[in-house]
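Examination of the molecular architecture
In case you want the letters, here they are:
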Amino acid sequence: MRVLICEDSVLLREGLVRLLAHTGHQVVADLPDASGLMDFLEQAAPDSFPQICILDVRLPPTYTDEGIRAALAIRARFPDLPLLVLSQYVEERYASELIAAQSGSLGYLLKDRVADVSDFIASLEQIAGGGTVLDQEVVAQLLTRRNHDAKMQQLTDRERTVLAALAEGKSNQAIASLLFLSEASVEKYITSIFQKLGLEADGTGNRRVLAALAHIENLGTTRTDRTNP
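From a predicted model like this one, the values you see are computed outputs, not experimental measurements. (Residues numbered from 1 in each chain as written. Predicted model: local features only at pLDDT ≥ 70, side-chain atom pairs only at ≥ 80, totals over all residues. Heavy atoms only, no water.)

1. Description of the pattern of salt bridges
Cut-off, in case you're wondering: One speaks of a salt bridge when a side-chain nitrogen belonging to Lys or Arg is within 4 Å of a carboxyl oxygen belonging to Asp or Glu. Counting from the N terminus, the helices are DSSP H or I runs at least four residues long and the strands are E runs at least two residues long. Exposure is judged per residue with a 1.4 Å probe applied to protein chains only, and the accessible area is read against the type maximum: over 50% gives exposed, under 20% gives buried, and values in between give partly exposed.
Across all of its chains, the model carries 6 salt bridges by this definition. A salt bridge links Lys111 to Glu7; the nearest nitrogen and oxygen atoms lie 3.5 Å apart. Here the residue Lys111 occupies a position in the loop between strand E5 (106–110) and helix H5 (117–128), and Glu7 occupies one in the loop between strand E1 (2–6) and helix H1 (10–22), the gap between them amounting to 104 residues. Looking at Lys111, the relative accessible area reads 16%, which means it is buried. Using a relative accessible area of 1% as the deciding quantity, one classes Glu7 as buried. Measuring nitrogen to oxygen at the nearest pair gives 3.1 Å for the salt bridge that ties Arg69 to Asp65. Each of the salt bridges in this network shares a partner with another, and the network as a whole consists of Glu7, Asp56 and Lys111.

2. Concerning the sheet that holds strand E3 (residues 52–56)
Here is the rule we go by: Strands are labelled as partners when DSSP assigns at least two bridges between them. Axis definition: a line fitted to C-alpha atoms, limited for helices to the stretch in contact. Angles are taken between N-to-C directions and run from 0 to 180 degrees.
Spatial ordering of the open sheet is given by E2-E1-E3-E4-E5-E6, a layout of 6 strands whose pairing is parallel. Lying at the two open borders of the sheet, with one neighbouring strand each, are strand E2 (26–31) and strand E6 (132–134). Geometrically, the sheet is characterised by an average inter-axis angle of 20° between neighbouring strands, direction not taken into account. Examined bridge by bridge, E1 and E2 share 5 bridges and lie parallel to one another. Along E2, the bridge assignment pairs Arg2 with Gln26.

3. So, the environment of Val90
As a reminder of what qualifies: In this description, contact between two residues means that some pair of their heavy atoms is separated by no more than 4.5 Å.
Tracing the chain through its elements places Val90 in the loop between strand E4 (83–87) and helix H4 (92–101). A C-alpha to C-alpha distance of 8.5 Å links Val90 and Leu109, two positions 19 residues apart in sequence. Apart from the residues within four sequence positions on either side, Val90 is in contact with Tyr108, Leu110, Glu137, Val138 and Gln141.

4. Let's talk about the nonpolar core
What tends to happen in soluble globular proteins is that the nonpolar side chains get buried as a cluster. Heads up, the rule is: Put simply, buried Ala, Val, Leu, Ile, Met, Phe, Trp, Tyr and Cys residues joined by side-chain atoms within 4.5 Å make one nonpolar core.
Ranked by size, the top nonpolar core spans 32 residues in total, and within it Leu4, Leu37, Cys53, Leu55, Ile74 and Tyr108 carry the most contacts. In this structure, Ile52, Val114, Leu124 and Ile127 belong to the second largest nonpolar core, which totals 17 residues.

Structure representation (structure tokens):
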């Protein structure tokens, strides 16, 4: 798998390069900021074009939203390029913007997840393969934020647990094992969730979860201004 890394921390960037090389993946570029990111993507030959891009949310020069703006620019220009966004802690408004884009494979993970090598590589490969992986802390905050919405109130506690697990990228089988349910029961919960949220259960697992979270996030009548802290 060809990977592009955009991360300002030298230690983390070099660590990712070594980790990916050790696990048999190719780092086609490792950039300290987003200034040359689009140029690289525009000029990359087919055999050096990345199959997934890893970006930090906060990058030089201001360390505010450069990474997320770069991710949104990539989404606009290369909508099929899978993205994995790393953050030191949950930045709910930035996660919401990416989720709302609803195109391409997406991951939003806290940097603590990188410490678990096997889990991180599995998440990376899942995203590159067309899946969606959202950190459980991100999922929890997005769901809590819309906890009082009329449609969300229709979900039972069990259905919310299933939805959160789906958003983390878990398969029906994994959810069944986690919650001590049969796969048939999990499928019934998922069907019920999307019926209550007004979303079509079309069988495309991760993309349905992405659409659901985007729907939940966009149910509010106002959005947080990006200029606010």
